[in-house]
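Each chain is listed here by its residues.
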Amino acid sequence: MDDNQHIDLASRAFGGGVVAVNDEFFAAADHLLSPGRPTHAPRTFDHRGQVYDGWETRRRREPGHDWVIIRLGTPGIIRAIDIDTSFFTGNYPPHASVDGCSLPGHPDATQLKKATWTPLVYRTALSGDTQNLFTVDNARRFTHVRLTIYPDGGVARLRVHGEVVPDPDLLPDVFDVAAAQHGGRVTGCSNMFYGHPGNMLMPGLAASMGDGWETSRRRDDGNDWVIVQLAAPAVLALADLDTSHFKGNAPGRASLRGVDTRSGSADDPTDWFDLLEPMPLAPDTPHRFRVSAERAATHVRLDIFPDGGMARLRLHGRPDEAGATALRARYETLR
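Report on the accompanying structure. It should be emphasised that the depicted structure is a prediction, and the values quoted were computed from it without experimental measurement.

A word on the nonpolar core. Among the nonpolar cores identified, the biggest contains 65 residues, and L32, I78, I83, L147, L241, L302 and L315 are the most heavily contacted of them. Take this core: its biggest share by element is nine residues, from strand β16 (residues 224-242). Here L302 is in contact with M200, W213, D224, W225, V226, L241, A254, S255, L256, M310 and L313, once residues within four sequence places are set aside. A20, I69, C101 and W117 belong to the second largest nonpolar core, which has seven residues in total.

So, on to the packing of aromatic side chains. This structure, assessed with the given rule, holds three aromatic pairs. Residues F25 and F26 carry aromatic rings whose centres are separated by 4.9 Å and whose planes lie at 85° to one another, so their mutual orientation is edge-to-face. Between the aromatic rings of Y52 and F88, the centroid separation amounts to 4.4 Å while the plane-to-plane angle is 20°, which identifies the pairing as stacked. With Y52 in the loop between β4 (49-50) and β5 (55-56) and F88 in the loop between β6 (66-84) and β7 (95-101), this pair connects stretches of sequence that are 36 residues apart. The aromatic ring of F305 is capped on one face by R253, whose charged end is 4.7 Å from the ring centroid.

Tracing the backbone through its elements, the reader meets P168 in the loop between β12 (157-164) and β13 (175-176). Overall, the relative accessible area of 17% leaves P168 in the buried class. Spatially, the C-alpha atoms of P168 and R328 are 5.9 Å apart, while their sequence positions differ by 160 residues. Once you skip the residues sitting within four places of it in the chain, P168 turns out to touch L327, R328 and Y331.

Mapped onto the elements, H144 comes out in strand β10 (residues 141-150). H144 sits in the buried class, given a relative accessible area of 3%. A distance of 2.7 Å separates polar atoms of two side chains, one belonging to H144 and the other to T143. Discounting chain neighbours no more than four positions away, the residues touching H144 are V19, I70, R71, L72, D99, G100, C101, P107, L112 and W117.

So, about unusual backbone geometry. Following Y150, the chain continues to P151 via a peptide bond in cis, the omega torsion being -10°. As for its placement among the helices and strands, P151 is situated in the loop between β10 and β11 (154-155). Phi is positive for F87, close to 75°, though the residue is something other than glycine. With respect to the secondary-structure elements, F87 resides in the loop between β6 and β7.

Another point: helix α2 (residues 321-334). Here α2 contains 14 residues, and its C-alpha end-to-end distance of 20 Å stays within 8% of the 20 Å for a straight helix at 1.5 Å per residue. The inward-facing, buried residues of α2 contact β6, β10, β16 and β22 (312-319).

Once that is clear, we can look at the pairing of strand β19 (residues 286-290). Here β19 shows one buried face, formed by H287 and F289, and one open face, formed by P286, R288 and R290. Relative to β19, β16 runs antiparallel, the two sharing five bridges. Its bridge partner lying in β19, D240 is registered against R288.

This brings us to the environment of H47. Within the element layout of this structure, H47 appears in the loop between β3 (45-46) and β4. The spatial distance from the C-alpha of H47 to the C-alpha of F26 is 9.5 Å, given a sequence separation of 21 residues.

Overall, the coordinates contain 23 salt bridges when judged by the stated rule. Taking the shortest distance from any N to any O, the salt bridge between R159 and D84 comes out at 3.0 Å. Residue R159 is located in strand β12, and its partner D84 is located in strand β6; the two are separated by 75 residues in the primary sequence. For the residue pair R159 and D84, the accessibility class agrees, reading buried in each case. Here R314 makes a salt bridge to D176, at a shortest N to O gap of 3.9 Å. Here R314 is found in strand β22, whereas its partner D176 is found in strand β13, with 138 residues between them in sequence. Owing to a relative accessible area of 14%, R314 belongs among the buried residues under this scheme. Owing to a relative accessible area of 9%, D176 belongs among the buried residues under this scheme. Among the charged side chains, a salt-bridge network with shared partners connects R37, D82, D84 and R159.

Glancing now at the side chain of D53. Looking at the element boundaries, D53 is found in the loop between β4 and β5. A polar contact is formed between the side chain of D53 and the backbone nitrogen of T39, at a distance of 3.0 Å. Here R157 takes part through its side chain, which lies 2.8 Å from a polar atom of the side chain of D53. When sequence neighbours within four positions are dropped, the list of residues in contact with D53 reads H31, R37, P38, T39, A156 and R157.

So, how was this worked out
Residues numbered from 1 in each chain as written. Predicted model: local features only at pLDDT ≥ 70, side-chain atom pairs only at ≥ 80, totals over all residues. Heavy atoms only, no water. Core = buried A, V, L, I, M, F, W, Y, C linked by side-chain atoms within 4.5 Å. Buried < 20%, exposed > 50% of the residue type's maximum accessible area, 1.4 Å probe, protein only. Helix = DSSP H or I, 4+ residues; strand = E, 2+ residues; numbered from the N terminus. Contact = heavy atoms within 4.5 Å. Phe/Tyr/Trp six-rings, centres within 6.5 Å; stacked < 30°, edge-to-face > 60°. Lys NZ or Arg CZ within 6 Å of the ring centre and 35° of its normal. Polar contact = N/O pair within 3.5 Å; in protein donor to acceptor, adjacent residues only side chain to side chain. Expected span 1.5 Å × (residues − 1). Pairing = 2+ DSSP bridges. Salt bridge = Lys/Arg side-chain N within 4 Å of Asp/Glu carboxyl O.

What follows is the structure, given as structure tokens:
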């Protein structure tokens, strides 16, 4: 996760990929989309020179500029862009720009080169060995971005922070409405000392304890919790509570409650309803529970007792009629 509000739409974790690039002589453009922080080992050379964890083009000896076209892992509204030049000092680009486009299906490089591109970050100066952050003021839904560097050089990461806007036609009737790739997001949390709760909503299995949510040790009579806004108001059927990798620090129990903020308030405890009574959890174990829900929820609260770590949270449900209509209306408005 990049922050409390937005995910990196371009991340390889969501399936982001490089569709076309004009030059990657010193380092492959695929590195731009790696989820982790860039790394660097000085004086580490291969047959093309110093090894960089980023994209690096050759030195230009003629007019022009270098570029790369990236398919977003999950389309959405772009709110900010980070052109990260970490560890590029004497070889970072002096300037860069970013454009976006929206095409259906799976366009190839030829189709994308002919597409109509919208400026997201106009040509602007960059600093070396730092995160260059830019806000984006465009509420359209984008599927691809193009990074242009002037005239050449190296960029470690390109992060495209934004809000997911899925295509309703590509969603099954029942899906994980908590998943970040579908638009689920964390809106509240009691404690995230060791790990951000948004990690629980990421695709795939957790790679380690550090790839999940973990709280500090409680020394009082309370318990920890997290609130997730679902991708759409939905009636839940199944819940996956995965404690993989958490052995001496898994929660002892966990429960789920829901609220429909279309008719109630998340701030009013009486508007919340039970989805899953407190259930014992085993360490380092994927758990699946049936959820008895008679009405739709817009938000779900996971309570863990008393504290600990959770690798993944999956909430499988069917959007209700109003929720499905809202999903489609948002998609049609923004595309």
